[in-house]
Amino acid sequence: MLAAKPILDERPRIADALSARALIEAVLEALGALSHVVGEETELVRAGRLPEAMTREPRKTELAGIYMRGVEQVKLNAVALARFVPDQVKRLKDAHTAFQGLIETNQIVLATARAVSESVVRDLAADANKPMRANGYGPAATVGAGVFARPNSGPLVVSRRL
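Residues numbered from 1 in each chain as written. Predicted model: local features only at pLDDT ≥ 70, side-chain atom pairs only at ≥ 80, totals over all residues. Heavy atoms only, no water.

Peer 1: So what about the overall build of the protein chain? Which residues, and what values?
Peer 2: Looking only at helices and strands, one finds five helices and zero strands in the protein chain. Start at the N end of the protein chain and walk to the C end: the helices and strands fall as α-α-α-α-α. Sorting the 162 residues of the protein chain into buried and exposed places 27% on the buried side. (Helix = DSSP H or I, 4+ residues; strand = E, 2+ residues; numbered from the N terminus. Buried < 20%, exposed > 50% of the residue type's maximum accessible area, 1.4 Å probe, protein only.)

Dropping the structure here:
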């Protein structure tokens, strides 16, 4: 797994091309690590391995914080970065755009998993609450074991694993 270096200084002032390049590289490294974790999470949710996907959450939160602090530093130093390393700024913008696409895919996969799980729960609730009496001939007619007869009903099984 990729490890991002934490960005320590909250308000660095970029004074030369070397520090500008170092800041961009640190932000790109954090973005790469975050992209990797989000991609893993997306694939695990697609595969239905939700408990395993949930284990990625703390690392994803940590990396998102590092990345956002880096983006704030980039914003604070936008003029200097554009002057010293315009090619690296473009590289960062392109990486951020690609990350936005990854996040959109992740959100679609999560929304699909949520819709499927809601549908399963809704169907189970509807099946569990169906009328339990058999149809007969007349308003008070029953079949089988009286009013508690449950024709065509079997045991209800719920799997806690997707």
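Peer 1: I'd like a description of helix α5 (residues 86-128), backed by residues and values.
Peer 2: For α5, with 43 residues, the first-to-last C-alpha span of 63 Å sits near the 63 Å given by 1.5 Å per residue. Residues Gln88, Val89, Leu92, Phe99, Asn106 and Val109 constitute the buried set of α5. Against the buried residues of α5 lie α1 (17-46), α3 (57-76) and α4 (78-84). (Expected span 1.5 Å × (residues − 1). Contact = heavy atoms within 4.5 Å.)

Peer 1: An account of the side chain of glutamate 41 is needed here, citing residue identities and associated values.
Peer 2: Here glutamate 41 is to be found in helix α1. Within polar-contact distance, the side chain of glutamate 41 engages the side chain of asparagine 106 at 2.9 Å. Among residues more than four places away in sequence, those in contact with glutamate 41 are Ala53, Glu57, Lys60, Asn106 and Leu110. (Polar contact = N/O pair within 3.5 Å; in protein donor to acceptor, adjacent residues only side chain to side chain.)

Peer 1: Describe the packing of α1 against α3, with residues and values.
Peer 2: One can describe the packing of α1 onto α3 by two numbers: an axis separation of 9 Å at closest approach and a directional angle of 150°. The angle between α1 and α3 places the two elements in the roughly antiparallel class. For the element pair α1 and α3, the recorded crossing hand is left-handed. Of α3, the residues touching α1 (which contributes Leu23, Val27, Ala30, Leu31, Ala33, Leu34, Val37, Val38 and Glu41) are Glu57, Arg59, Lys60, Leu63, Ala64, Ile66, Tyr67, Gly70, Val71, Gln73 and Val74. In terms of residue class, the contact of α1 with α3 is built from 14 nonpolar, two polar and four charged. (Axes fitted to C-alpha atoms, helices over the stretch in contact; angles between N-to-C directions. Parallel < 35°, antiparallel > 145°, perpendicular 65-115°, else oblique. Left-handed = near helix turned anticlockwise from the far one by under 90°. Nonpolar A, V, L, I, M, F, W, Y, C, P; charged D, E, K, R; others polar.)

Peer 1: Requested: an account of the nonpolar core, with residues and values cited.
Peer 2: Membership of the largest hydrophobic core comes to 23 residues, with the highest contact counts inside it found for Ile24, Tyr67 and Leu81. Of all the secondary-structure elements, those providing two or more residues to this core are α1, α3, α4 and α5. (Core = buried A, V, L, I, M, F, W, Y, C linked by side-chain atoms within 4.5 Å.)

Peer 1: How would you explain the environment of alanine 15 if you had to name every residue and give the values?
Peer 2: Among the secondary structure elements, alanine 15 is positioned in the segment before α1. A residue is classified by how much of its surface remains accessible, and alanine 15, at 63% relative accessible area, is exposed.

Peer 1: With reference to specific residues and values, describe α1.
Peer 2: Taking 1.5 Å per residue as the helical rise, α1 with its 30 residues ought to reach 44 Å, and the 43 Å between its terminal C-alpha atoms agrees with that figure. One or two residues past the end of α1 sits glycine 48, with phi positive at roughly 80°.

Peer 1: Report on the packing of α1 against α5, specifying residues and quantitative values.
Peer 2: As a packed pair, α1 and α5 sit with axes 10 Å apart at the nearest point and diverge in direction by 20°. Between α1 and α5, the angle is such that the two are roughly parallel. Two packed elements cross with a definite hand, and for α1 against α5 that hand is left-handed. Each residue belonging to the contact of α1 with α5 can be placed in one class, and the counts come to 16 nonpolar, seven polar and five charged.

Peer 1: Run through the pattern of salt bridges, naming residues and quoting values.
Peer 2: According to the stated counting rule, one finds ten salt bridges in the structure shown. Notably, a salt bridge pairs arginine 49 with glutamate 52, separated by 2.7 Å at the nearest N-O pair. One salt bridge in this structure joins glutamate 72 and lysine 75, with 3.7 Å as the shortest N-O distance. In this pair, glutamate 72 and lysine 75 are both assigned in helix α3, three residues apart and thus about one turn of the helix distant. (Salt bridge = Lys/Arg side-chain N within 4 Å of Asp/Glu carboxyl O.)

Peer 1: An account of the environment of arginine 59 is requested, with residue identities and associated values reported.
Peer 2: Secondary-structure assignment places arginine 59 in helix α3. At a separation of 3.3 Å, a polar atom in the side chain of arginine 59 contacts the side chain of glutamate 62.

Peer 1: Lay out the side chain of lysine 60 in plain terms, naming residues and giving numbers.
Peer 2: By the element assignment, lysine 60 lies in helix α3. Lysine 60 has contacts with Leu34, Val37, Val38 and Glu41, leaving out every residue within four places of it along the chain.

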